[in-house]
Amino acid sequence: MIAYAARRVGLSALVALGVVVLTFVIARVVPGDPAAGWAGPRASAAERERVRAELGLDLPLHRQIADYVAGVLRGDWGVSVRTHRPVLDDLFTLLPNTLQLVLAGLLIGLAVGVPAGLVAARWHGRLPDAAVRAGAVISGSMPVFWMALLVQMFFASRLRLLPVAGIYDPAVLEAHPLTRITGLPLLDAVLTGNWPMAASAFDHLLLPALVVAAYPVAVIARLVRASLLDTLGEPHVQMARALGFPERAVLGRFALRLSWNPVLQISALIFGYSLVNTFLVEAVFNYPGLGGYAAASATVLDVPAIVGVTLLVALLYIAANLLVDLLHAALDPRIRLR
């Protein structure tokens, strides 16, 4: 197990290094002058040259890449051209908001997708199966920004059931200040017993989380359905039926257990996809997270911030895959031998 884990960690480190170098090179070849963004629109040519030298932009590209990689290893991800703050500080400030949204979407995806797959497999070829498959196609194929606009117009603007945008009510924040523990607003409010803030954060989280959950629900429901249909013909499931177990127990106790492995494997891919999809959802709901930061950085060619966001997303995705691989290897020893 240790050798397998070491191989996976080494491979993950190589992938992360490749992402850093590739993103840095692409960001550098894009037309534009980051020094002009740092110095401001009224800066003279001499001032822009001075800024270019201060930021190391006058160095050869390979020196810039080497300096950046060395800085990343030291915990120095550069300074944002737009905010003039360390990129790592900006990312750590906004990352919890994005993670809260992604994790909420994944939880909803599991809570809805697994039962939906069970229902579709239980009534295979009948109306519930057709309804689940149709719902999965719609929720999995609809662009998230379009779905975000639809739910925003219907639930927030028309029915006025939930807030239209933001992460919590500023008036609630002023009356009940939020104490930062984990950085996740809803979790921090619950941990500190700040129930008005918890209610406000939950209301503001619900709509964007439902939009983020649309794709995970579709994938998990179809995966569970297909896996259950394959498993229902297995001898141990037939034996359980022959012994007189009710159909609910046959599905939940004997057939569904084998479906958790593919669900676990696909979770890392869904996490990465949801993390990127969240950027568009954040833009629609004016949700302060990495998406807005990345979009604002791209407009001024803020290379350290763009590379920082890309690197952070890549590291999270790599970490999720690594965690899933290790869990899978721990549950199934045959994986370690491949």
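Because the structure is a prediction, the values reported are computed rather than measured.

K.L.:
How should I be thinking about the overall build of the protein in this particular structure?
P.N.:
When its secondary structure is counted, the protein shows 15 helices and 0 strands. If one aligns the C-alpha atoms of the protein with their principal axes, the spans along those axes are about 85 × 55 × 40 Å. When each of the 338 residues of the protein is scored for burial, the buried share is 42%. Partitioning the contacts of the protein with sequence separation of at least 6, the portion at a separation of at least 24 is 72%. Looking at charge distribution, the protein has the averaged site of its 26 positive side-chain charges lying 11 Å from that of its 21 negative ones.

K.L.:
I would appreciate a short explanation of the pattern of salt bridges in the present structure.
P.N.:
Working definition: two side chains of opposite charge can pair if their charged atoms are close together. One pass over the structure, following the stated rule, counts 3 salt bridges. Across the pair Arg85 and Asp90 runs a salt bridge whose closest N-O atoms are separated by 2.6 Å. A salt bridge links Asp129 to Arg225, with the nearest nitrogen and oxygen atoms 2.7 Å apart. With a gap of 96 residues between them, Asp129 in helix α6 (residues 127–141) and Arg225 in helix α10 (residues 195–231) connect regions that are remote in the sequence. The exposure classification of Asp129 matches that of Arg225, with both residues buried. When salt bridges with common partners are traced through the structure, they connect Asp129, Arg133 and Arg225 into a single cluster.

K.L.:
Mind showing me how you'd approach empty space enclosed by the protein here?
P.N.:
If a probe the size of a water molecule is rolled over the atoms, the empty space left behind becomes visible. Per the counting criterion, the structure on display carries 1 cavity of 30 Å³ or more. Its volume calculated, the largest cavity comes out at about 30 Å³. Lining the largest cavity are Pro163, Val164, Ala165, Gly166, Asp203, His204, Leu207, Pro208 and Phe285. With 4 residues, the single largest contributor to the lining of the largest cavity is α10.

K.L.:
What is the right way to look at the environment of Met153 in this model?
P.N.:
With respect to the helices and strands, the residue Met153 is situated in helix α7 (residues 144–158). For Met153, a relative accessible area of 47% translates into the label partly exposed. Each C-alpha atom, one on Met153 and one on Val164, is 8.1 Å from the other, the two residues being 11 residues apart in sequence.

K.L.:
Hey, could you run me through unusual backbone geometry in this one?
P.N.:
The bulk of non-glycine residues show a negative phi, and the bulk of peptide bonds are trans. In this structure, Arg160 takes a positive phi of about 55° despite not being glycine. Looking at where Arg160 falls in the secondary structure, it is placed in the loop between α7 and α8 (170–175). Given the relative accessible area of 69%, Arg160 is considered exposed. Within the chain, Asn286 stands out as a residue other than glycine whose phi angle is a positive 50°. Mapped onto the secondary structure, Asn286 falls in the loop between α13 (260–285) and α14 (290–299).

K.L.:
Would you mind going over the UniProt feature "transmembrane region" (unreviewed entry) in the protein with me for this structure?
P.N.:
Under the feature "transmembrane region" (unreviewed entry), the UniProt entry names residues 99–120, 132–155, 205–224, 263–285 and 305–331. Helix makes up 100% of residues 99–120 and strand makes up 0%, while its end C-alpha atoms are separated by 31 Å. For residues 263–285, the end-to-end C-alpha separation is 29 Å, with 100% helix and 0% strand making up the annotated structure.

K.L.:
It is not clear to me how the layout of surface pockets should be interpreted in this structure. Could you clarify?
P.N.:
A volume near 410 Å³ is recorded for the largest pocket. Along the walls of the largest pocket sit 20 residues, with Leu55, Asp67, Tyr68, Gly78 and Pro304 positioned nearest its centre. Taken together, the elements giving at least two residues each to the lining of the largest pocket come down to α1 (2–29), α3 (45–55), α4 (61–74) and α15 (303–331). Top contributing element to the lining of the largest pocket by residue count: α4, with 5 residues. Of the residues that constitute the lining of the largest pocket, the class distribution is 11 nonpolar, 4 polar and 5 charged.

K.L.:
Looking at this structure, I do not really get the UniProt feature "domain: ABC transmembrane type-1" (unreviewed entry) in the protein. What am I missing?
P.N.:
When the UniProt feature table is mapped to this numbering, "domain: ABC transmembrane type-1" (unreviewed entry) covers residues 95–328. Segment residues 95–328 splits into 80% helix and 0% strand. End C-alpha atoms: 27 Å apart.

K.L.:
Would you mind going over the side chain of Gln64 with me for this structure?
P.N.:
Along the chain, Gln64 turns up in helix α4. Given the relative accessible area of 8%, Gln64 is considered buried. Those residues in contact with Gln64 that lie beyond four places of it in its chain are Phe24, Arg28, Gly56, Leu57 and Leu59.

K.L.:
Just checking my understanding: could you explain helix α12 (residues 247–255) for this structure?
P.N.:
Along an α-helix, a turn takes 3.6 residues, which lines up residues three or four apart on a common side. For α12, the complete set of buried residues consists of Ala249, Val250, Leu251 and Ala255. Elements that come into contact with the buried residues of α12 comprise α5 (87–122), α10 and α11 (235–242).

K.L.:
So what exactly am I meant to see when it comes to the environment of Val137 here?
P.N.:
For Val137, the location among the structural elements is in helix α6. Spatially, the C-alpha atoms of Val137 and Ala218 are 6.8 Å apart, while their sequence positions differ by 81 residues.

K.L.:
Whenever I open this one, the nonpolar core confuses me. Can you help?
P.N.:
Nonpolar side chains in soluble globular proteins tend to end up buried together. Judged by nonpolar contacts, the single largest core of 47 residues is most densely connected at Trp77, Leu91 and Phe271. The next biggest cluster of nonpolar side chains, apart from the first, holds 24 residues, and it includes Ala148, Leu162, Ala198 and Leu207.

K.L.:
What should I look at first to understand a nonpolar patch on the surface in this one?
P.N.:
Among the surface-exposed residues, Phe145, Trp146, Leu149, Leu150, Met153 and Leu280 lie close enough to one another that they form a single nonpolar patch of about 540 Å² accessible area. Turning to its location among the elements, Trp146 is positioned in helix α7.

Definitions and limits used
Position labels on residues start from 1 in each chain and follow its written sequence. Owing to the predicted nature of the model, reporting of local features is limited to residues with pLDDT of at least 70; listing and counting of side-chain atom pairs is limited to 80 or more, with chain, interface and lining totals taken over all residues. As a rule here, side-chain values come from all non-hydrogen atoms in the structure, and water together with hydrogens is ignored. The numbering of helices and of strands both runs from the N terminus, where a helix is a DSSP run of H or I of at least 4 residues and a strand a run of E of at least 2. The cut-offs for exposure are 20% and 50% of the maximum accessible area for each residue type, with area from a 1.4 Å probe on protein chains only; residues under the lower value are buried, those over the upper are exposed, and the others partly exposed. In what follows, residue pairs with any heavy atoms lying within 4.5 Å of each other are defined as contacts. Charge counting follows a simple rule: Lys and Arg are positive, Asp and Glu are negative, and His as well as the terminal groups are ignored. In this description, the location of a charge corresponds to atom NZ of lysine, CZ of arginine, CG of aspartate or CD of glutamate. Every case where a carboxyl oxygen of Asp or Glu lies within 4 Å of a side-chain nitrogen of Lys or Arg is listed as a salt bridge. Definitions used for this entry: grid spacing 1 Å over protein atoms alone; cavity, a set of points where a 1.4 Å probe fits but cannot get out; pocket, an open set with protein on both sides within 12 Å along at least 5 of 7 lines; lining residue, one with an atom within 4 Å of a point. Grid points are joined across faces, edges and corners, and a volume is the space filled by probe spheres set on the points. UniProt positions are given in the numbering used here, feature names are shortened, and annotations may be inferred rather than shown by experiment. In the scheme used here, Gly and all other residues not listed as nonpolar or charged are polar, with Ala, Val, Leu, Ile, Met, Phe, Trp, Tyr, Cys and Pro taken as nonpolar and Asp, Glu, Lys and Arg as charged. Only buried Ala, Val, Leu, Ile, Met, Phe, Trp, Tyr and Cys residues count toward a nonpolar core, and they belong to the same one when joined by side-chain atoms within 4.5 Å. Patch membership requires over 30% relative accessible area and the absence of a salt bridge. Like charges are linked within 9 Å, and nonpolar side chains (Val, Leu, Ile, Met, Phe, Trp, Tyr) within 5 Å. Every accessible area reported is derived by Shrake-Rupley at a probe size of 1.4 Å, with residue values counting cover from the shown protein chains alone.

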